[in-house]
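Listed here are the chains, written in short residue letters.
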Amino acid sequence: MFGMGWSELLVVGVVALIVVGPKDLPVLFRQIGQFVGKAKGMAREFTSAMNDAADESGMRDISKTLKSATNPLGTAMDGVKDAARDVSSSLRNMDADSETGKLAAERAAKTKKIQASTARAAADRKMREAEEARKAADAAEAALADDTSDTHDTPKGTT
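Residues numbered from 1 in each chain as written. Predicted model: local features only at pLDDT ≥ 70, side-chain atom pairs only at ≥ 80, totals over all residues. Heavy atoms only, no water.

K.L.:
I would appreciate a short explanation of the overall build of the protein in the present structure.
P.N.:
Looking only at helices and strands, the protein has five helices and zero strands in total. Burial statistics for the protein: of 159 residues in total, 4% are counted as buried. About 14,100 Å² of surface is accessible on the protein, with carbon and sulfur atoms providing 63% of the total. (Helix = DSSP H or I, 4+ residues; strand = E, 2+ residues; numbered from the N terminus. Buried < 20%, exposed > 50% of the residue type's maximum accessible area, 1.4 Å probe, protein only. Areas by Shrake-Rupley, 256 points an atom, 1.4 Å probe, with all protein chains shown as cover.)

K.L.:
How should a negative patch on the surface be read in this particular structure?
P.N.:
Taken together, the side chains of Glu 131, Glu 132, Asp 138 and Glu 141 present a region of like negative charge at the surface. In this structure, Asp 138 sits in helix 5 (residues 99-153). (Patch = residues over 30% accessible without salt bridge, like charges linked within 9 Å, V, L, I, M, F, W, Y side chains within 5 Å. Salt bridge = Lys/Arg side-chain N within 4 Å of Asp/Glu carboxyl O. Lys, Arg positive; Asp, Glu negative; His and termini not counted. Charge placed at Lys NZ, Arg CZ, Asp CG, Glu CD.)

K.L.:
Mind showing me how you'd approach helix 1 (residues 6-20) here?
P.N.:
A rise of 1.5 Å per residue sets the reference length of helix 1, with its 15 residues, at 21 Å; its end C-alpha atoms lie 20 Å apart and thus fit the reference within 8%. Two residues or fewer after helix 1 comes Gly 21, characterised by a positive phi angle close to 100°. (Expected span 1.5 Å × (residues − 1).)

K.L.:
Explain the pattern of salt bridges to me, please; I cannot follow it from the model alone.
P.N.:
For side chains bearing opposite charge, pairing can occur when the charged atoms are close. Across all of its chains, the model carries two salt bridges by this definition. Linking Glu 106 and Lys 110 is a salt bridge whose minimum nitrogen-to-oxygen distance equals 3.4 Å. Taken together, the positions of Glu 106 and Lys 110, both in helix 5 and four residues apart, correspond to about one turn of that helix. What makes Glu 106 partly exposed here is its relative accessible area of 42%. The salt bridge partner of Glu 129 is Arg 125, with a shortest N-O separation of 3.3 Å. Placement of both Glu 129 and Arg 125 in helix 5 is noted, with a separation of four residues, approximately one turn of the helix.

K.L.:
Mind showing me how you'd approach the confidence of the model for the protein here?
P.N.:
Parts of the prediction with low pLDDT should not have their coordinates interpreted in detail. Mean pLDDT over the protein: 81, with 81% of residues reaching 70 or higher. Per-element confidence in the protein is highest for helix 2 (residues 25-57), whose mean pLDDT is 88, and lowest for helix 4 (residues 72-92), whose mean pLDDT is 70. (pLDDT = per-residue confidence, 0-100.)

K.L.:
In this structure, what is going on with helix 2? I would like to understand it.
P.N.:
The α-helix advances 3.6 residues per turn, and as a result positions three or four apart in sequence lie on the same side. Here helix 2 is 33 residues long and its end C-alpha atoms lie 48 Å apart, about the 48 Å a rise of 1.5 Å per residue gives. Of the positions making up helix 2, those classed as buried are Leu 25, Gly 41 and Ala 54. Gly 58 occupies a position one or two residues after helix 2 and carries a positive phi of about 90°.

K.L.:
Would you mind showing me how to read a nonpolar patch on the surface here?
P.N.:
On the surface, a nonpolar cluster with roughly 660 Å² of combined accessible area is contributed by Leu 10, Val 11, Val 14, Val 15, Ile 18, Val 19 and Val 20. Along the polypeptide, Leu 10 turns up in helix 1. Under the relative-accessibility criterion, Leu 10 is labelled exposed at 58%.

So this is what it looks like as structure tokens:
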């Protein structure tokens, strides 16, 4: 707070002990504690009053604007998202009989076709992987069954 270390505080404490005396030292420390508490309370009140004044004057809005100005990447991404939203809404509202509307409908149909074929290929791949896993599990169970039957066939005492 004041840039004082433990050694400086020790020196102040020893001087206070000598000047004030051992009987009045606790009273002095209590008064100092009360003063510091009142000062902190006043500082808290001042800070909250300044924050309230900033809210009323619109400083929060200005600080948000400054933060967005200092973060150009975030602002640019917001702009890209807004532009994409505008384009998609304008494509939905396009005249279906116009050439652009026909192309947009054709592209939408091709997109759906590609998505369907991709989903089909993924499902087929998962089915193949499941079948391979089932075959591997069957082989492991068969090997386990063979191992257990071999241990039961051997007579006791001869391993």
